[in-house]
Amino acid sequence: LYQTFRSLGWYFGGFGSGQKFPHRQILEFLLTIIEDQAAKEMLIKTLTNMAAGDIFDKEEGGFYRYSTQQDWSLPHYEKLLDDNSRLLKIYLVAYSLTKIEKFKEVSLKIMDFILNNFLDKKGFFYASQDADEEYARLSLNQRKKTKAPFIDKTLFMDFNCYAIDSFITASRILNDENYKKIATKAL
């Protein structure tokens, strides 16, 4: 894994030399072996570059599904609860282990996006937001005046479980009971 990372992804982080997906399972695995210097290096490099790249929505928060380029630019503008919930937990745990403040900031922005766009009135979480390149390129003030992309209001049990788990993790790591209340209501 480390050799592949060094040869294909070292400069931009991530894994592979073409389109870049977050590869959540690999990132979750790296968290479990973070005491290994190579694993820590791969994790920090990837999370840092993902957050700096265009795959991360710096206006509304949340991650787009994947990047069409190896440098995390030119994203596919769809956002999924599944991806964002699991990336939220990864960034939270990475923050707790490394104390890198940027990881906490990204976590807060992901939660803002989820709460502002995917949380329904009964406390459950919606599935996804359609891709809309024009909307994604607007500033936050411009977005407030423009209709947001379609939200798929399907309630998938597994997606909701990921969100619940991530918000409970946020409550514990950030010491904020509000996140636990959100998770408990959905549960």
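Higher on the page you've got the structure.
Because the structure is a prediction, the values reported are computed rather than measured. (Residues numbered from 1 in each chain as written. Predicted model: local features only at pLDDT ≥ 70, side-chain atom pairs only at ≥ 80, totals over all residues. Heavy atoms only, no water.)

### Observations regarding the pattern of salt bridges
No. 1: Taken as a whole and assessed by the stated rule, the structure comprises ten salt bridges.
No. 2: In this structure, Arg24 engages Asp82 in a salt bridge whose closest nitrogen and oxygen atoms are separated by 3.7 Å. Taken as a pair, Arg24 in helix H2 (residues 24-32) and Asp82 in helix H4 (residues 81-98) lie far apart in primary sequence, 58 residues in all.
No. 3: A residue is classified by how much of its surface remains accessible, and Asp82, at 12% relative accessible area, is buried.
No. 4: With a closest N to O distance of 3.9 Å, Arg65 and Glu78 form a salt bridge. Residue Arg65 is located in the loop between helix H3 (37-52) and strand E1 (66-67), and its partner Glu78 is located in the loop between strand E2 (75-76) and strand E3 (79-80); the two are separated by 13 residues in the primary sequence.
No. 5: When salt bridges with common partners are traced through the structure, they connect Asp57, Glu60, Lys79 and Arg143 into a single cluster. (Salt bridge = Lys/Arg side-chain N within 4 Å of Asp/Glu carboxyl O. Helix = DSSP H or I, 4+ residues; strand = E, 2+ residues; numbered from the N terminus. Buried < 20%, exposed > 50% of the residue type's maximum accessible area, 1.4 Å probe, protein only.)

### Observations concerning the sheet that holds strand E4 (residues 128-129)
No. 1: Spatially, three strands are ordered E3-E4-E5 in an open sheet, and the strand pairing comes out antiparallel. Here the strands that pair on one side only, and so sit at the sheet edges, are E3 and strand E5 (151-152).
No. 2: Of the strand pairs in this sheet, E4 and E5 are connected by two bridges, and their pairing is antiparallel. Within the sheet, the bridge partner assigned to Gln129 lies in E5 and is Ile151. (Pairing = 2+ DSSP bridges.)

### Examining the packing of aromatic side chains
No. 1: Under the criterion given, the structure shown has nine aromatic pairs.
No. 2: Consider the rings of Phe125 and Phe167, whose centres lie 5.7 Å apart with planes at 25°: the pair is stacked. Of this pair, Phe125 sits in the loop between helix H5 (101-117) and E4 while Phe167 sits in helix H8 (residues 157-174); the two residues are 42 residues apart in sequence, bridging distant segments of the chain. Taken individually, Phe125 and Phe167 each receive the classification buried, so the pair is uniform in this respect.
No. 3: Linked through ring pairs, Phe56, Phe63, Tyr91 and Phe103 together constitute an aromatic cluster.
No. 4: Cation over ring: Arg86 sits above Tyr162, and NZ or CZ is 4.7 Å from the ring centre.
No. 5: Over the ring of Tyr95 we find Lys99, and its NZ or CZ is 5.7 Å from the ring centre. (Phe/Tyr/Trp six-rings, centres within 6.5 Å; stacked < 30°, edge-to-face > 60°. Lys NZ or Arg CZ within 6 Å of the ring centre and 35° of its normal.)

### Focus on the packing of H3 against H5
No. 1: Contact geometry for H3 and H5: axes closest at 11 Å, N-to-C directions at 50°. By the angle between their directions, the pair H3 and H5 is classed as oblique. Remark: the crossing between H3 and H5 carries left-handed chirality. Residues Ile44, Leu47, Thr48 and Ala51 of H3 form the contact with H5, whose participating residues are Lys102, Phe103 and Val106.
No. 2: Per-class residue counts for the contact of H3 with H5 are five nonpolar, one polar and one charged. (Axes fitted to C-alpha atoms, helices over the stretch in contact; angles between N-to-C directions. Parallel < 35°, antiparallel > 145°, perpendicular 65-115°, else oblique. Left-handed = near helix turned anticlockwise from the far one by under 90°. Contact = heavy atoms within 4.5 Å. Nonpolar A, V, L, I, M, F, W, Y, C, P; charged D, E, K, R; others polar.)

### Comments concerning the nonpolar core
No. 1: Of all hydrophobic cores here, the largest spans 48 residues; its most connected members are Leu27, Phe63 and Tyr91.
No. 2: Mapped onto this core, the elements with two or more residues apiece are H2, H3, H4, H5, H8 and helix H9 (177-186).
No. 3: A per-element tally of this core places H4 first, with nine residues.
No. 4: Apart from residues lying up to four places away in sequence, Leu27 is in contact with Phe15, Pro22, Leu43, Thr46, Leu47, Met50, Leu87 and Ile90. (Core = buried A, V, L, I, M, F, W, Y, C linked by side-chain atoms within 4.5 Å.)

### Some remarks on unusual backbone geometry
No. 1: Residues other than glycine seldom take positive phi values, yet His23 does so here, at roughly 45°.
No. 2: Mapped onto the secondary structure, His23 falls in the loop between helix H1 (2-9) and H2.

### Quick look at H8
No. 1: In a regular helix each residue adds 1.5 Å, so 18 residues correspond to 26 Å; H8 covers 25 Å between its end C-alpha atoms and thus fits that length.
No. 2: For H8, every residue scored as buried is listed here: Phe159, Asn160, Ala163, Ile164, Ser166, Phe167, Thr169, Ala170, Ser171, Ile173 and Leu174.
No. 3: Downstream of H8 by one or two residues, Asn175 has phi in the positive range, about 55°. (Expected span 1.5 Å × (residues − 1).)

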